Amino acid sequence: MKIVKRLGFLAVLAVVVVGVFMGMTRMHILMFGNSRYYQRTKPYSTSEGLVNQKIYHKNTLRRLTVLTHGTQYTGNTGLDEVATHYKYHQAGKNISNFMGSDGVLQLYNESKMMTTPMVRDAASFWNQVAGHRVVEVVKTARASDEVIHDGKTQAKYIGGQHYDGTGMEFFPANWVSKGFTATEDLDNREAVLIREMGHALGIPNLGGGKVGGNAAAKGYITTEVMGVWETGPNVLPANRRGIRSSRMDAAAIALAGISWQRPRKLGGSMLTGQKAVLYHDGRVTTVQSKN
């Protein structure tokens, strides 16, 4: 009986502790607003979008921007201004990131739709593409640049990276998993998370055209996770094998890296096209590239 009472006491105590933390979160938001809780690092872009000119020679920048062109349904030709004028722009506007002065995106997760293991996998995906630690999952909201969380909306979209102080937010009620296997559903959710994390790093859409929107406009599914990625019985067979990084992803993060407060040289071995990062069914691995 004593053991049962102790277990009961511990269970009640656990509920109380969880309640206290949830109450503290709500109190913090009521006192300081979402922008002080969900997004501690403000969106950043360099003055006039001008990037660091010491990391890459213009010839290298030209090669990187060519890699981001892709095809009609992948790429973003609007990034060409990096090579011509050292400006990291999309449609004439600066591209923001949330890296902070340390050059590492610190994320804290409260989302149930995007679980913490999923967040860690997405961080590992980008760290391996970058060749350096550029994303880290931290243990407290206070230590983060952004808090990943769930919310509700009358709109129909799934959620993503916001720039108004509400951090990275997702809407579970809008997620449709009907018709997908458990593995396909997990891969699809991870693709959304990887893409939104890419936006937080300062990578724009890579779905074709000047602003990367061609694929979305045509309803075309791409193999590029920064485009319009989906797996399932009626889409690209390649996507059924998982989310595979490309030289385009490596080039995109290399360009984004020179627009941060602490500019960094990124992409490394992934730019050679010999290896790729693969996420599939809860695992992140390095594989031989097919590019």
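The paragraphs below set out a description of the structure included in this document. (Residues numbered from 1 in each chain as written. Predicted model: local features only at pLDDT ≥ 70, side-chain atom pairs only at ≥ 80, totals over all residues. Heavy atoms only, no water.)

Details of the pattern of salt bridges
Item 1. Counted by the stated rule, this structure contains two salt bridges.
Item 2. One salt bridge connects Glu136 with Arg133, and the closest N-O pair in it is separated by 3.0 Å.
Item 3. On the accessibility criterion, Glu136 (30% relative accessible area) is partly exposed.
Item 4. Where Arg189 meets Asp185, a salt bridge forms, and the shortest distance between an N and an O atom there is 3.3 Å. Placement of the pair is Arg189 and Asp185 together in helix α6 (residues 182-200), with a separation of four residues, close to one helical turn. Asp185 shares its class with Arg189; the two are buried. (Salt bridge = Lys/Arg side-chain N within 4 Å of Asp/Glu carboxyl O. Buried < 20%, exposed > 50% of the residue type's maximum accessible area, 1.4 Å probe, protein only. Helix = DSSP H or I, 4+ residues; strand = E, 2+ residues; numbered from the N terminus.)

Notes on the packing of helix α3 (residues 58-67) against helix α8 (residues 247-257)
Item 1. Between α3 and α8, whose axes approach to 8 Å, the crossing angle comes to 130 degrees. Compared by their axis directions, α3 and α8 come out oblique. Here α3 and α8 pass one another in a crossing that is left-handed. Two secondary-structure elements touch here, α3 through Leu61, Leu64, Thr65 and Leu67 and α8 through Arg247, Met248, Ala251, Ala254 and Leu255. (Axes fitted to C-alpha atoms, helices over the stretch in contact; angles between N-to-C directions. Parallel < 35°, antiparallel > 145°, perpendicular 65-115°, else oblique. Left-handed = near helix turned anticlockwise from the far one by under 90°. Contact = heavy atoms within 4.5 Å.)

Overview of the sheet that holds strand β4 (residues 135-137)
Item 1. Spatial strand order, β4-β3-β5-β7-β6: five strands in an open sheet with mixed pairing. In this open sheet, the two edge strands, each paired with only one partner strand, are β4 and β6 (159-161). The mean inter-strand angle of the sheet, taken between neighbouring strand axes irrespective of direction, is 20 degrees.
Item 2. Here β6 pairs with strand β7 (residues 168-170) via three bridges, running antiparallel. Within β7, the position partnered with Gly159 by the bridge is Phe170.
Item 3. Each of β3 (105-109), β4 and β5 (146-150) is contacted by helix α5 (residues 116-130), which is oriented at about 160 degrees to β4, the strand it contacts most.
Item 4. Contacting β3, β4, β5, β6 and β7, α6 crosses the sheet at an angle of about 155 degrees to β7. (Pairing = 2+ DSSP bridges.)

Section: the packing of aromatic side chains
Item 1. Summed over all chains, the structure comprises five aromatic pairs.
Item 2. Summarising the aromatic geometry, the rings of Tyr157 and Phe171 are spaced 5.3 Å apart at their centres and angled 90 degrees between planes, so their arrangement reads as edge-to-face. Pair noted here: Tyr157 is in the loop between β5 and β6 and Phe171 is in the loop between β7 and α6, with a separation of 14 residues, a long-range link.
Item 3. With a relative accessible area of 41%, Tyr157 lands in the partly exposed category. (Phe/Tyr/Trp six-rings, centres within 6.5 Å; stacked < 30°, edge-to-face > 60°.)

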